[in-house]
Amino acid sequence: MSITKSFLIGLVGMTSSWAIIRFGNNSLFKILVICILFVNLVGLSIKFRKMNLNPCFYLMYGSMVITFLFTNSMTIGAEWVKQENIQFFWMTVYAIFYLIASAFLDKQIEIYFKGFMYGSLIQMAWVIVQYMIYTVTGLDINMQLFSKLYGRSYIKEGGFGASGLAWHPSNLAVLLVILFWVFDSWYWKFIVLVTAILSNNSTVIICVITCIVVNIFADKKDKFRSIKIGKRTIVITFIAIFVMLILFIKTDLLLIASNRILFIYNRIFGGYYDGGSTNAHIRYYTTIPNVIARYPLTKVLFGFGEGCSGYVMTSLFGQYSNIGAWALECDIVNILWNKGLVGFFLFYGWLLSIVKRGWAVNHKYAYIMFAIIVGGIFYNIQYDWVIVLEVIIDIAIYRKIDLFAMNYFSKRDNTRLYRSRIKW
């Protein structure tokens, strides 16, 4: 196994969610993905006999090719065609990456995920530091370090939202979901929840709460039968409670958490006005019949192009008509009008196939995909790096690799089912 290639794979995983680190218009993650393609294609190091491909993904990509051809043959505006061409290029890159990654060694799949885990821990630590510095000084560390790339701080409903190494807190949703299921300890899961609260983002909090609810009810009979409370557990629990009480007393974390939960409740049930954001998201769903009735069958079936879902709202209501091409801030409707009905069902067919096959390897695969799908109802969280991560997970499941049984943070294995020693 090439040390250089394995290191590059781990580096891609580590930096995948660090969207704020960019060179020109592209993130470091995208550049590293191109490097992996270059190293493998130029080096001709792919072993085609090892390829394990999910047909749903490539059927979806095939429908995107049709969308690409339709978009470039219709007059919808130069900015929309340009956006489609750029996004189609990157989806082609990820389709090629899938081909290459399917030929990775098992250890290289594990290395990618291990790198992702380390990168996610850095993200979580960055969120906490970013929030603490803002609370004490009123300064957003991201604005100080990445002002040319960052844009502006995330302030919503009068509160600061720590975004980590990204410009929007929603980038944290998927990585916190995965951290939640990698950690077996409820103390670490609590830190994941605190990180979600510090993001001040409803979608991130909903994703983590979804995980908590699933964790409580999944296999609860077996868990309750196996619970053993020892002296060490009691001591650690009391220390944790004491630390949390001090934290709640000395900071406004409890107030933030309660206000945020109340806000999410009122936002869902119409008791809070958030500047029209909720109404806009609801309109994305309620206008689906109007779009189907108004536009040609080809557009309904194959969509308006990657990154061009906002076209329907601009043409119907003039929404964001002055910013050029844009995408709807909701995975479900965004994917529906990007890819059309055909691409939509193939994309979610791919995700559901991961749920189905992942269940047999480790239930956590299914729980993660469920939380991601739930989060997508409320906002866009299917970033490019998430697509690539889902590709890696898909390949791992096909090979029956239990990534959650791997040991990330100590020298002892976390389970008896899987023993792995990964060296970069």
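A. Layout of the pattern of salt bridges. Within the structure shown, the criterion is met by 5 salt bridges. A salt bridge links Lys-364 to Asp-184, with the shortest nitrogen-to-oxygen separation between them at 3.1 Å. Pair noted here: Lys-364 is in helix α19 (residues 363–378) and Asp-184 is in the loop between α8 (172–182) and α9 (186–198), with a separation of 180 residues, a long-range link. The closest approach of N and O atoms between Lys-339 and Glu-306, which form a salt bridge, is 3.1 Å. Here Glu-306 lies in the loop between α16 (297–302) and α17 (311–317) and Lys-339 lies in helix α18 (residues 331–361), a separation of 33 residues in the sequence. Here Lys-339 falls in the buried class, since its relative accessible area comes to 6%.

B. Summary view of helix α20 (residues 384–398). With 15 residues, α20 extends 21 Å from end C-alpha to end C-alpha; this agrees with the ideal 21 Å at 1.5 Å per step. In terms of burial, α20 is a largely internal element, 13 of the 15 residues being buried. One or two residues past the end of α20 sits Lys-400, with phi positive at roughly 60 degrees.

C. Looking closely at the nonpolar core. Phe-97 and Leu-176 are the most contacted members of the largest nonpolar core, which has 109 residues in total. Looking at this core element by element, the count peaks at 12 residues for helix α4 (residues 78–101). Filtering out sequence-adjacent residues up to four positions away, Phe-97 remains in contact with Val-33, Ile-36, Leu-37, Phe-104, Tyr-112, Val-388, Val-391 and Ile-392. One finds Trp-18, Ile-20, Phe-146 and Leu-165 within the second-largest nonpolar core, a separate group that totals 5 residues.

D. Molecular detail of the packing of aromatic side chains. A full pass over the atoms with the stated rule returns 32 aromatic pairs. Relative to Trp-186, the ring of Phe-180 lies with its centre 5.9 Å away and its plane at 85 degrees, an arrangement referred to as edge-to-face. Here Trp-186 falls in the partly exposed class, since its relative accessible area comes to 44%. When the centroid spacing of 5.4 Å and the interplanar angle of 80 degrees are considered together, the rings of Phe-344 and Phe-345 count as edge-to-face.

E. How the structure looks around helix α10 (residues 202–217). Taking 1.5 Å of rise per residue, the 16 residues of α10 would be expected to cover 22 Å, and the 23 Å separating its terminal C-alpha atoms lies within 8% of that figure. With 12 of 16 residues buried, α10 is to be regarded as a mostly interior element. Its side-chain oxygen at 3.2 Å from the backbone nitrogen of Thr-203, Asn-201 defines the N-terminal cap of α10.

F. Structural view of a nonpolar patch on the surface. A cluster of nonpolar side chains, Trp-186, Ile-209, Val-213, Ile-216 and Phe-217, forms an exposed patch at the surface whose accessible area comes to about 490 Å². Relative to the helices and strands, Ile-209 is located in helix α10.

G. Expanded view of the side chain of Asp-402. Inspection of the secondary structure puts Asp-402 in the segment after α20. Buried charged residue Asp-402 carries no salt bridge. Nearest counter-charge: Lys-364, at 7.3 Å. Reaching out from Asp-402, the side chain makes a polar contact with the side chain of Asn-362 at a distance of 3.0 Å.

H. Quick look at the environment of Ile-111. Here Ile-111 shows up in helix α5 (residues 106–137). Overall, the relative accessible area of 1% leaves Ile-111 in the buried class.

I. Examining unusual backbone geometry more closely. Look at Tyr-320: it is not a glycine, yet its phi comes out positive at around 55 degrees. Inspection of the secondary structure assignment puts Tyr-320 in the loop between α17 and α18. Judged by relative accessible area, which is 37%, Tyr-320 ranks as partly exposed.

Parameters at a glance
- Residues numbered from 1 in each chain as written.
- Predicted model: local features only at pLDDT ≥ 70, side-chain atom pairs only at ≥ 80, totals over all residues.
- Heavy atoms only, no water.
- Salt bridge = Lys/Arg side-chain N within 4 Å of Asp/Glu carboxyl O.
- Helix = DSSP H or I, 4+ residues; strand = E, 2+ residues; numbered from the N terminus.
- Buried < 20%, exposed > 50% of the residue type's maximum accessible area, 1.4 Å probe, protein only.
- Expected span 1.5 Å × (residues − 1).
- Core = buried A, V, L, I, M, F, W, Y, C linked by side-chain atoms within 4.5 Å.
- Contact = heavy atoms within 4.5 Å.
- Phe/Tyr/Trp six-rings, centres within 6.5 Å; stacked < 30°, edge-to-face > 60°.
- Polar contact = N/O pair within 3.5 Å; in protein donor to acceptor, adjacent residues only side chain to side chain.
- Patch = residues over 30% accessible without salt bridge, like charges linked within 9 Å, V, L, I, M, F, W, Y side chains within 5 Å.
- Areas by Shrake-Rupley, 256 points an atom, 1.4 Å probe, with all protein chains shown as cover.
- Lys, Arg positive; Asp, Glu negative; His and termini not counted.

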